[in-house]
Amino acid sequence: MTPELADSLFLRACRRRPVSRTPVWFMRQAGRSLPEYRAVRQGVPMLTACATPDLIAEVTMQPVRRYGVDAAILFSDIVVPLKAIGIDLDIKPGVGPVVADPIRDAAAVEALRPIEPGDVSYVTEAVRALTGELGATPLIGFAGAPFTLASYLVEGGPSKNHDRTKAMMYGEPRLWHALMDRLTTIALGFLRVQIAAGVSAVQLFDSWVGAVAPDDYREFVLPHTRRIFDGLAEAGVPRIHFGVGTGELLGLLGEAGADVVGVDWRVPLDEAARRVGPGRALQGNLDPAVLLAPWEVVERRAADVLARGAKAEGHVFNLGHGVLPGTDPDRLARLTDFVREASAR
Ligand code: CP3
């Protein structure tokens, strides 16, 4: 890592070091609303794009060029490592990941093998090319957390209430922990491949874990997420932990061991800092739907996020969840500029 990269605003804020202004990037900034994304994706299925190094690099760079955000996020998907170890699944446009044979028994769990670097050589190749191109702009690698991956695998696709997933968790705890253990090993392996290739931070997306009550999180999820963060401690890159609807879980997410806790829009960042506790930076948390309102509203709300975020030990400006597909890219450009100017100290 070059000194300029190590000293970047994003990495400094993740490490709770002083910054000249608040760094900003957006979850799901790659893809979604960008016309240049739709142009390069013409006729290319999502999972094919995720396995093509040139396309991965191009789509990752698009929001960096357009907005000048302070970090890039690798273009991939949380189901890519599952596909790479032979799970029959696809990403259906407008739907999300769909699994051909949902995992419901021990035999299916045992078929989930660890990931080897050779399974995702296209990721290694893309990350190497990107770190060269990005220079002092950090590249964030990511993986889906075990609970969120388990939900797609057990339900067979997107789910509102995660009924079957929780039925396994409550009713067959041994099978549940065996499944979570395998998915933990896969997530850890996928993150290690990205770190070895050169990403300078990692984010664990536990998007749907907000469906779980705190006591159940402690028993059924925390030991696994903790193994991921512990397993990455020696790598020395900042570890970010994000979920949606996690207001009641923020203290436990802090306990799981990440350096940065991502917060959705439901809990103001000053209150989130209190719940997460000392020794962690925060990332977030403008409601992505605010970007659909008039600019004056966006500006007022973004200023409030910055003011509350300043109460945390470190703050990375982001949305409370991913960019909504209908978002006007010019809005995100204006928001990026606003965060830059309004947070300058
Ligand atoms: O900034 C980025 O977009 C980086 C790449 C990225 C994608 N998926 C690309 C993608 C990241 C970080 C993800 C993570 C992801 N994937 C999550 C966690 C983040 C979150 O939003 O909570 C989850 C739950 C998934 C699973 C998934 N994949 C969903 C729910 C969808 C949306 C389905 C749809 O079409 O609305 C996908 C598909 C997907 N992943 C797309 C992209 C750009 C859209 C598909 C396309 O462009 O054809």
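In this text the structure is predicted, and so the values were computed from the model without any measurement.

A.B. asks: Summarise helix α17 (residues 329-342); cite the residues concerned and give the values.
C.D. replies: The end-to-end C-alpha distance of α17 is 20 Å, a good match for the 20 Å that 14 residues give at a rise of 1.5 Å each. Residues P329, R331, L332, L335, T336, F338 and V339 constitute the buried set of α17. Elements that come into contact with the buried residues of α17 comprise α3 (35-41), α5 (53-67), β8 (281-286), α16 (295-309) and β9 (315-319).

A.B. asks: I'd like to hear about the packing of aromatic side chains, residue by residue, with values.
C.D. replies: If you walk through the whole model with that rule in mind, you get seven aromatic pairs. A ring pair is formed by F26 and Y67, whose centres lie 6.4 Å apart and whose planes are at 90°; its orientation type is edge-to-face. Placement of F26 in the loop between α2 (9-14) and α3 and of Y67 in helix α5 is noted, with a sequence separation of 41 residues between them. Of the two residues, F26 and Y67, both sit in the buried class. These aromatic residues form a ring-pair network of at least three members: F142, F205 and F242.

A.B. asks: Break down unusual backbone geometry for me, with residues and values.
C.D. replies: N285 follows G284 through a cis peptide bond whose omega is -5°. Of note, N285 is situated in strand β8. Its identity as a non-glycine residue notwithstanding, R16 has a phi of 65°, on the positive side. Position of R16 relative to the elements: it lies in the loop between α2 and α3. What makes R16 partly exposed here is its relative accessible area of 37%.

A.B. asks: Just give me the short version of the packing of α16 against α17, but keep the residues and values in it.
C.D. replies: It is at 10 Å that the axes of α16 and α17 come closest, and there the two elements cross at 40°. Judged by the inter-axis angle, α16 sits oblique to α17. Judged by the sense of rotation from one axis to the other, the crossing of α16 with α17 is right-handed. Contact residues: W295, V298, E299, A302, A303 and L306 in α16; R331, R334, L335, F338, V339 and A342 in α17. In the contact of α16 with α17, the residues fall into nine nonpolar, no polar and three charged.

A.B. asks: Give me the lowdown on the site of the ligand, citing residues and values where you can.
C.D. replies: A30, Y37, D77, S207 and H321 are the nearest of the 24 residues found near the ligand. The side chain of Y37 places a nitrogen or oxygen atom 2.6 Å from an oxygen atom of the ligand. In the model, a nitrogen atom of the ligand is placed 2.8 Å from a nitrogen or oxygen of the D77 side chain. Within the complex, 89% of the 860 Å² of free accessible area of the ligand lies under protein. Residue assignment for the shell around the ligand shows that the elements contributing at least two residues are α3 and β3 (96-99). Its residues assigned to classes, the shell around the ligand comprises 15 nonpolar, six polar and three charged.

A.B. asks: Can you tell me about the sheet that holds strand β4 (residues 139-144), naming the residues and giving the values?
C.D. replies: In spatial order, the strands read β1-β4-β5-β6-β7-β8-β9; together these seven strands make up an open sheet with parallel pairing. Edge positions in the sheet fall to β1 (72-73) and β9, since each has one partner strand and no second. In the sheet, strand β5 (residues 201-205) pairs with strand β6 (residues 239-242) via four bridges, with the strands oriented parallel. Each residue of the ladder has a partner; that of L204, found in β6, is H241. Against the sheet, helix α13 (residues 222-232) engages β5 and β6, with an angle of about 165° to β6.

A.B. asks: Lay out the pattern of salt bridges with the relevant residues and their values.
C.D. replies: Oppositely charged side chains can form a pair if their charged atoms are brought close together. Here the structure, examined in full by the defined rule, presents 17 salt bridges. One salt bridge connects R308 with D304, and the closest N-O pair in it is separated by 3.0 Å. With R308 and D304 both in helix α16 and four residues apart, this pair spans about one turn of that helix. Residue R308 is classed as partly exposed on the basis of its relative accessible area, which comes to 28%. Under the relative-accessibility criterion, D304 is labelled partly exposed at 36%.

A.B. asks: Requested: an account of the nonpolar core, with residues and values cited.
C.D. replies: Residues F10, Y217, F317 and L335 are the most contacted members of the largest nonpolar core, which totals 129 residues. With 13 residues, the top contributor of residues to this core is helix α11 (residues 173-197). Those residues in contact with L335 that sit more than four places away from it in its chain are F26, L286, L291, W295, V298, A302, F317 and L319.

A.B. asks: Explain the pairing of β3 to me, and be specific about the residues and the numbers.
C.D. replies: Pairing between strand β2 (residues 89-92) and β3: four bridges, direction antiparallel. Within the sheet, the bridge partner assigned to D90 lies in β3 and is V98. Counting the residues that bridge the hairpin from β2 to β3 gives three residues, and of these G94 lies at a positive phi of roughly 75°.

A.B. asks: Help me get a handle on α5, residues and values and all.
C.D. replies: For α5, spanning 15 residues, the distance from its first C-alpha to its last is 22 Å, which sits close to the expected 21 Å at 1.5 Å a residue. The buried count for α5 comes to 11 of 15 residues, which makes it a mostly enclosed element. Among the residues making up α5, those that are buried are P53, L55, I56, A57, V59, T60, M61, Q62, P63, V64 and Y67. Just past α5, the residue G68 takes up positive phi, approximately 65°.

Analysis parameters
Residues numbered from 1 in each chain as written. Predicted model: local features only at pLDDT ≥ 70, side-chain atom pairs only at ≥ 80, totals over all residues. Heavy atoms only, no water. Helix = DSSP H or I, 4+ residues; strand = E, 2+ residues; numbered from the N terminus. Expected span 1.5 Å × (residues − 1). Buried < 20%, exposed > 50% of the residue type's maximum accessible area, 1.4 Å probe, protein only. Contact = heavy atoms within 4.5 Å. Phe/Tyr/Trp six-rings, centres within 6.5 Å; stacked < 30°, edge-to-face > 60°. Axes fitted to C-alpha atoms, helices over the stretch in contact; angles between N-to-C directions. Parallel < 35°, antiparallel > 145°, perpendicular 65-115°, else oblique. Left-handed = near helix turned anticlockwise from the far one by under 90°. Nonpolar A, V, L, I, M, F, W, Y, C, P; charged D, E, K, R; others polar. Near = heavy atom within 4 Å. Polar contact = N/O pair within 3.5 Å; in protein donor to acceptor, adjacent residues only side chain to side chain. Areas by Shrake-Rupley, 256 points an atom, 1.4 Å probe, with all protein chains shown as cover. Pairing = 2+ DSSP bridges. Salt bridge = Lys/Arg side-chain N within 4 Å of Asp/Glu carboxyl O. Core = buried A, V, L, I, M, F, W, Y, C linked by side-chain atoms within 4.5 Å.

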